[in-house]
Amino acid sequence: MDKTVKFFTLGCKVNQYDAEVLKEHFLNTGFKELKSGLKADVYVVNTCTVTHAADRKSRYYIQYARRSNPQAKIFVAGCLAELSSDRVLSMPGVTQVLKRRDAEDILNVSSGISDFSGRTRAFLKVQDGCNRFCSYCIVPLV
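This report concerns the structure included in the present document. (Residues numbered from 1 in each chain as written. Predicted model: local features only at pLDDT ≥ 70, side-chain atom pairs only at ≥ 80, totals over all residues. Heavy atoms only, no water.)

## Details of the overall build of the chain
Logical step 1: Counting secondary structure elements, the chain contains 5 helices and 5 strands.
Logical step 2: Starting at the N terminus, the α and β elements of the chain follow one another as β-α-β-β-α-β-α-α-β-α.
Logical step 3: Across the 142 residues in the chain, those meeting the buried criterion constitute 41%.
Logical step 4: Counted over contacts in the chain with a minimum sequence separation of 6, partners at least 24 positions apart contribute 65%.
Logical step 5: Accessible area for the chain stands at about 8900 Å²; split by element, carbon and sulfur atoms hold 50% of it. (Helix = DSSP H or I, 4+ residues; strand = E, 2+ residues; numbered from the N terminus. Buried < 20%, exposed > 50% of the residue type's maximum accessible area, 1.4 Å probe, protein only. Contact = heavy atoms within 4.5 Å. Areas by Shrake-Rupley, 256 points an atom, 1.4 Å probe, with all protein chains shown as cover.)

## Brief notes about the sheet that holds strand 5 (residues 94-98)
Logical step 1: Pairing within the open sheet is parallel, and its 5 strands lie in the order 2-1-3-4-5. On the outer flanks of this sheet lie strand 2 (31-33) and strand 5, each paired with one strand and no other. Across the sheet, the mean angle separating the axes of adjacent strands is 25° when strand polarity is ignored.
Logical step 2: Bridging between strand 3 (residues 42-47) and strand 4 (residues 73-78) involves 6 bridges; their strand directions are parallel. Its bridge partner lying in strand 4, Val42 is registered against Lys73.
Logical step 3: Each of strand 1 (3-9), strand 2, strand 3, strand 4 and strand 5 touches helix 1 (residues 13-28); the most contacted strand, strand 1, lies at about 180° to it.
Logical step 4: In the packing of helix 2 (residues 52-68) onto the sheet, contacts are made with strand 1, strand 3, strand 4 and strand 5, and the angle to strand 3 comes to roughly 175°. (Pairing = 2+ DSSP bridges. Axes fitted to C-alpha atoms, helices over the stretch in contact; angles between N-to-C directions.)

## What about the environment of Asn46?
Logical step 1: Inspection of the secondary structure puts Asn46 in strand 3.
Logical step 2: Separated by 27 residues in sequence, Asn46 and Ala19 place their C-alpha atoms 6.7 Å apart.
Logical step 3: Contacts of Asn46, omitting those with residues within four sequence positions, involve Phe8, Thr9, Leu10, Asn15, Asp18, Ala19, Ala77 and Gly78.
Logical step 4: A polar atom in the side chain of Asn46 sits 3.2 Å from the backbone nitrogen of Gly78. (Polar contact = N/O pair within 3.5 Å; in protein donor to acceptor, adjacent residues only side chain to side chain.)

Below you can see the structure in the form of structure tokens.
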């Protein structure tokens, strides 16, 4: 029986790029990606925290993964995981928080995408976030 993985990605193009890197890692290590409503062995939730709605959706997908398969491993990445890793890790079912700096070491993931199937444009990652620290923006903190 194949090991299966399902991805939920919220937020910006950086999150979409990072999710593609993680997807390649899982597919190259023998996992099959599920896109339908079937339950997976592993869930990867790439979160966003730019707004309260993004936080709520991120938590929803983590809870959805747990309800879908309580025995599944749930990995949480992205900005909410960066900003509130302790809170995310305390959520029922969360196996591990994958911070950007640690993802390469934890999963032995090298950055870069080799396949752009299903997309009309390729991703080229040139930066992570912003360092301007505008008073209204959370991005530089994550």
